[in-house]
Amino acid sequence: MFPLRDELPIVRMKLIVCVALSLIAGLVLINAEPIQEIHGTVQGEVYVRGEQIGPDGQPIHSGLNGGDYIPSQTEGYVQGAVYVRKQNINPEDSYDGSSTAYDGRCATDCTNENSSRGRFTNVDLSVQVGSGATIGDYTDINANCVIGSNSRIGRHSHLGTGNIIHDNVHIGDHVTIRENNEIANNSELKRHVKLGSGIRIGSNTRVSDHTRVHNFASIGNECIVESHSTVEPNANIGSFVYCGRHSSIGPEAVIGDNAVIHRHAKVVNGRHVKINEVIIRSPTSAALYANCLPLCSIPQNDAETVSQYLPSYDVSSEANAFLGQKIAEEIRAINSNCEKGQNVDLSGVAFIKSLYLILYHGINDFNYYSQLTGSYTTILSGEQHFGSTATRNVLTPEVKDLIIRLLVLEEDSQRIDRVTGDTYCKMSSDISNNERNVGVDQ
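A. Representation of the packing of aromatic side chains in the model. Tallying each qualifying case throughout the model produces 6 aromatic pairs. Ring centres of Tyr 289 and Tyr 369 lie 5.9 Å apart, and the angle between their planes is 70°; this geometry places the pair in the edge-to-face category. Residue Tyr 289 is found in helix 2 (residues 285-289), and its partner Tyr 369 is found in helix 6 (residues 363-369); the two are separated by 80 residues along the sequence. Judged by its relative accessible area of 8%, Tyr 289 is buried. Among the aromatic residues, those joined into a cluster by ring pairs are Tyr 289, Phe 366, Tyr 368 and Tyr 369. One Lys or Arg, Arg 392, reaches over the ring of Tyr 360 and ends 4.0 Å from the middle of that ring.

The structure is reproduced here in C-alpha cells:
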C-alpha cells in the first residue's frame, strides 16, 4: 500500500501535464488552418499523409499537403479529388484532356494577379491574361491564347487555341470563337456570336448578337455588324463599314471602306462593293405597295401622265423623263431639309412609289393591288425590282439609279447605329451630289 501511495503524486502530475499539453494542442489546432493531407497514388507515385513514399516504403519528405500544388505537372487522383497539371478539377467540370480547370487560384506565370475568373472556368496554363481582365463563369479558354488588359470574356463562352484578344475587348455570353483568330483593341462581340478560324477583327468594331463569321473572313476597324448577320468564308470587309440586321456577306465578297450594307441585303459570292457604296435589299412589289399612296390620293394628272405610256410594256422615255424629274425633286427636297437643320420629311417617297407602280402595273392593277392587305399580298412577294433578278424592267438606267437613291434615303432614315463620321445628312448630301454609288443586292 505504501509504495502505491508514494506513486500517486507522480501519476497526478503526469495527468496534469497530459491535460495541459492537450489544452495547448487544442488551442493551436483551433487557430491553425485545417490541413488536408495528400493520401493516394499520383502518376505512379505513392503519397501517404502528405509524404511521398519511396520504393523502400520510407517517406521521401516531400513536405506536401492537400493545400499545395503537386509538382511535375501532376495528373491523377488524391483523396478522391482529381488533379490535372497541378490544378484541382471540380466534380462539376468536364475535362477534355487538353485544358486546365481552375479551382479559384490564378495559374502561376501566365495570369495577372489583378485579373479575375468566375466559377468553373477552364483555362489552359499557357493562356496569358492581362491586368484587369475578367473571365466569366463556365468559360473555356484553350492553349496559347492571349487575353488583353481590361478585356471581358462573358459566361458560357469558348475560345479555341491560339486566339489573340487585345486590350479592352468585350466578349459577351455564349460566344464561340474557334482557333487562331485576332480581335483588336476596344472591339465588342455581343451575345451568341460565333467565329470560325483564322478571322481578323479590327479595332473599335462591334459584332452584334447571333452573328456568325466564318473561316478566314476579315472585318476592318470601326465597323458595325448588326445582329443575326452572316459573314461567309474569305469575305473581306473594309474599315468604317456598316452591315445592317440580317445582312449576309457572301464567300470571297469584298466590301470597300465606308460602305453601307442595309438590313436584309445579301451581297452575293465574290461581289465587290465599292468604297462608299450603299447596298439595299432588292424590293419586292409587296414591300413597295406596303408604303405607297392609294389612287385617290394621287393627283389625277400625274397618274394619267404615267399610265398613258404603259400599254406596250416598253421602257417609255417620256414616262421615265416625267418620273425621273419627280424623283430628283424629292431627293433635293430631302437634302435641303437636312442642310437647313429641319426635320426630314419622307412623305413624298410614298408618292414616288405610287407613280412607279402605276407605270409598272397599270392604273387599274395598281388600284387593285394597293388595297390588298394581310396574306393577300403574298401574290406580290415574288416580284423583285431593280436588280439582276428583277421580274421586269420599265426604267432607264438613269431613272433606276435615281429611284434606288431615293429608297436608300428612306432606308437610311431608319438606321440608328452609325460608324464614325456617318450621319443621315452626310448620307443625304452624298446621295444628292452623286458622291456615293448605290445598288441593290441581287
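B. Representation of the layout of surface pockets in the model. Considering only enclosed or pocket space, the largest pocket measures out at about 410 Å³ in volume. As for the largest pocket, its lining consists of 15 residues, and the residues nearest its centre are Arg 263, Arg 281, Pro 283, Ala 287 and Glu 411. Every element with two or more residues in the lining of the largest pocket is listed here: helix 2 and helix 7 (397-412). Residue composition of the lining of the largest pocket, by class: 5 nonpolar, 5 polar and 5 charged. A volume near 190 Å³ is recorded for the second largest pocket.

C. Seen up close, the sheet that holds strand 11 (residues 140-141). Here we have 9 strands laid out as an open sheet, ordered 8-11-14-17-20-23-26-29-32, and parallel in their pairing. The outermost strands of the open sheet, each flanked by one partner alone, are strand 8 (122-123) and strand 32 (266-267). Judged from the 2 bridges that link them, strand 17 (residues 176-177) and strand 20 (residues 194-195) form a sheet pairing that is parallel. Residue pairing for strand 20: Ile 177 is matched across the bridge by Leu 195.

D. How the structure looks around helix 7. Helix length check: helix 7, at 16 residues, gives a terminal C-alpha distance of 22 Å against a target of 22 Å (1.5 Å per residue), a fit within 8%. Within helix 7 the residues assigned to the buried category are Val 399, Ile 403, Ile 404, Arg 405, Leu 406, Leu 407, Val 408, Leu 409, Glu 410, Glu 411 and Asp 412. Check the buried side of helix 7 and you find it contacts strand 31 (260-261), strand 34 (278-280), helix 4 (317-339), helix 5 (347-361), helix 8 (424-432) and strand 35 (438-440).

E. Representation of the nonpolar core in the model. Ranked by size, the top nonpolar core spans 48 residues in total, and within it Tyr 356 and Leu 395 carry the most contacts. The element that contributes the greatest number of residues to this core is helix 5, accounting for 9 residues. In contact with Tyr 356, not counting residues within four places along its chain, are Leu 288, Leu 323, His 385, Phe 386, Val 394, Leu 395 and Ile 403. Ile 165, Val 193, Ile 219 and Ala 259 belong to the second largest nonpolar core, which has 41 residues in total.

F. Geometry of the pattern of salt bridges. The tally for this structure, following the rule as stated, stands at 16 salt bridges. The salt bridge involving Asp 401 is made with Arg 405; its shortest N-O contact spans 2.8 Å. Here the residue Asp 401 and the residue Arg 405 both occupy positions in helix 7, the gap between them amounting to 4 residues, near one helical turn. Judged by its relative accessible area of 4%, Arg 405 is buried. Of the charged contacts in the structure, one is a salt bridge between Arg 418 and Asp 412, with a shortest N-O distance of 2.9 Å.

G. Main features of the side chain of Glu 277. Relative to the assigned elements, Glu 277 resides in the loop between strand 33 (272-273) and strand 34. Put simply, Glu 277 is tucked away with no salt bridge, and the nearest opposite charge, on Arg 271, sits 4.1 Å away.

What counts and how
Residues numbered from 1 in each chain as written. Predicted model: local features only at pLDDT ≥ 70, side-chain atom pairs only at ≥ 80, totals over all residues. Heavy atoms only, no water. Phe/Tyr/Trp six-rings, centres within 6.5 Å; stacked < 30°, edge-to-face > 60°. Helix = DSSP H or I, 4+ residues; strand = E, 2+ residues; numbered from the N terminus. Buried < 20%, exposed > 50% of the residue type's maximum accessible area, 1.4 Å probe, protein only. Lys NZ or Arg CZ within 6 Å of the ring centre and 35° of its normal. 1 Å grid on protein atoms, 1.4 Å probe; cavity = no way out; pocket = protein on both sides within 12 Å on 5 of 7 lines; lining within 4 Å. Points joined across faces, edges and corners; volume = space filled by probe spheres on them. Nonpolar A, V, L, I, M, F, W, Y, C, P; charged D, E, K, R; others polar. Pairing = 2+ DSSP bridges. Expected span 1.5 Å × (residues − 1). Contact = heavy atoms within 4.5 Å. Core = buried A, V, L, I, M, F, W, Y, C linked by side-chain atoms within 4.5 Å. Salt bridge = Lys/Arg side-chain N within 4 Å of Asp/Glu carboxyl O. Lys, Arg positive; Asp, Glu negative; His and termini not counted.

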